[in-house]
Amino acid sequence: MSHVRRALPEDAEEVLRLRQVMIDALFATDRSAAWHGESLPTLRARLGEGDGDFAAFVVDHPERPGALASLAAGTIDYRIGGAGDPRGLVGFVFSVATDPGTRRLGHARACTTTLLEWFRERGARRVQLTASPEAEPLYASLGFRPKPNPLLELAL
């Protein structure tokens, strides 16, 4: 069984390492980790906010003290409510990753399930994510369903 805990500021470097694992697996882009140095102070600060709109849940690596085996991170966004969601709180899972040496042990499921509970406790009625083809069965088993997505994006 995976022991899931909330990530702490001292986990920031490992959280970034696992995020890089996810990025490298999903995107054929620059695999450089040079951005980690600039990201680290903000991530450490956000991990120290116990009750904000961001959370990361992790499982410690069973064989490497100080390392993480798995991560699930997300945020809660406010969007003006509607008939199906009057409060307008939407969870977004943006980073789920498992160290290659600890895959297929249920760690990602455990971290994601804990993150989903965190969303529920804060009143989110919907949770969104994007998934790799390899991860889709996990998310489908947790109740996620595909939706047509008219999302457009502008990089500023």
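Everything quoted here is computed from the prediction, not taken from an experiment.

K.L.:
When you look at the nonpolar core in this model, what are you seeing that I'm missing?
P.N.:
In globular proteins that are soluble, nonpolar side chains generally tend to be buried together. Residues V93, V96, L115, W118, F119 and Y139 are the most contacted members of the largest nonpolar core, which totals 21 residues. Mapped onto this core, the elements with two or more residues apiece are β2 (54–60), β3 (68–78), β4 (89–98), α3 (107–121) and α4 (136–141). Per-element accounting of this core gives the leading share, 6 residues, to α3. Apart from the residues within four sequence positions on either side, Y139 is in contact with V96, T112, L129, A131 and F144. One finds A7, L16, M22 and L71 within the second-largest nonpolar core, a separate group that totals 17 residues.

K.L.:
How should the sheet that holds β2 be read in this particular structure?
P.N.:
Working definition: the strands of a sheet are paired by backbone hydrogen bonds and lie parallel or antiparallel to each other. Here we have 5 strands laid out as an open sheet, ordered β1-β2-β3-β4-β5, and mixed in their pairing. Strand pairing shows two members of the sheet lacking a second neighbour, β1 (4–6) and β5 (126–129), which therefore form its edges. Taking each pair of neighbouring strands and ignoring which way they run, the sheet shows an average axis angle of 25°. Pairing geometry for β4 and β5, over 4 bridges, is parallel. Looking at β5, one finds that G91 is bridged to V127. Relative to the sheet, α3 contacts β1, β2, β3, β4 and β5, its axis offset from that of β3 by approximately 25°.

K.L.:
Explain the side chain of T102 here, please?
P.N.:
Along the polypeptide, T102 turns up in the loop between β4 and α3. Residues contacting T102, with those up to four places away along its chain left out, are H61, P62, A69 and H107.

K.L.:
Looking at this model, I keep getting lost on the environment of G106. Mind explaining?
P.N.:
Counting through the fold element by element, G106 comes out in the loop between β4 and α3. For the pair formed by G106 and L18, sequence separation is 88 residues and the distance between their alpha carbons is 16 Å.

K.L.:
Could you clarify how one ought to interpret the packing of aromatic side chains in this entry?
P.N.:
Any aromatic ring pair is given by two values, namely how distant the centres are and how the planes are angled relative to each other. For the coordinates displayed, the defined rule picks out 3 aromatic pairs. Ring geometry for W118 against F119: centres 5.5 Å apart, planes inclined by 55°, an arrangement best described as tilted. The class for F119 is buried, based on a relative accessible area of 1%. The interplanar angle of 75° and the centroid separation of 5.8 Å between the aromatic rings of Y139 and F144 together place this pair among those described as edge-to-face. As far as burial versus exposure is concerned, Y139 and F144 are alike and both buried.

Rules used throughout
In this convention, every chain numbers its residues from 1, walking through the sequence in written order. Thresholds applied to this predicted model are a pLDDT of at least 70 for local features of residues and 80 or more for the giving and counting of side-chain atom pairs; totals over whole chains, interfaces and linings are not thresholded and use all residues. Hydrogen atoms and water are omitted, and side-chain values are computed over all heavy atoms in the structure. Buried Ala, Val, Leu, Ile, Met, Phe, Trp, Tyr and Cys residues form a nonpolar core when they are joined through side-chain atoms within 4.5 Å. The classification of residues rests on relative accessible area computed with a 1.4 Å probe and restricted to protein chains. Under 20% of the type maximum is buried, over 50% is exposed, and intermediate values are partly exposed. Put simply, DSSP marks the helices as runs of H or I at least four residues long and the strands as runs of E at least two long, and each gets a number from the N terminus on. In what follows, a contact means two residues having at least one pair of non-hydrogen atoms within 4.5 Å. Following DSSP output, two strands are said to pair if at least two bridges run between them. Orientation is described by axes fitted as lines to C-alpha atoms, over the contacting stretch for helices, and by angles from 0 to 180 degrees between their N-to-C directions. Pairing of aromatic rings covers Phe, Tyr and Trp, the last through its six-membered ring, and needs centres within 6.5 Å; plane angles under 30 degrees mean stacked, over 60 mean edge-to-face, and all others mean tilted.

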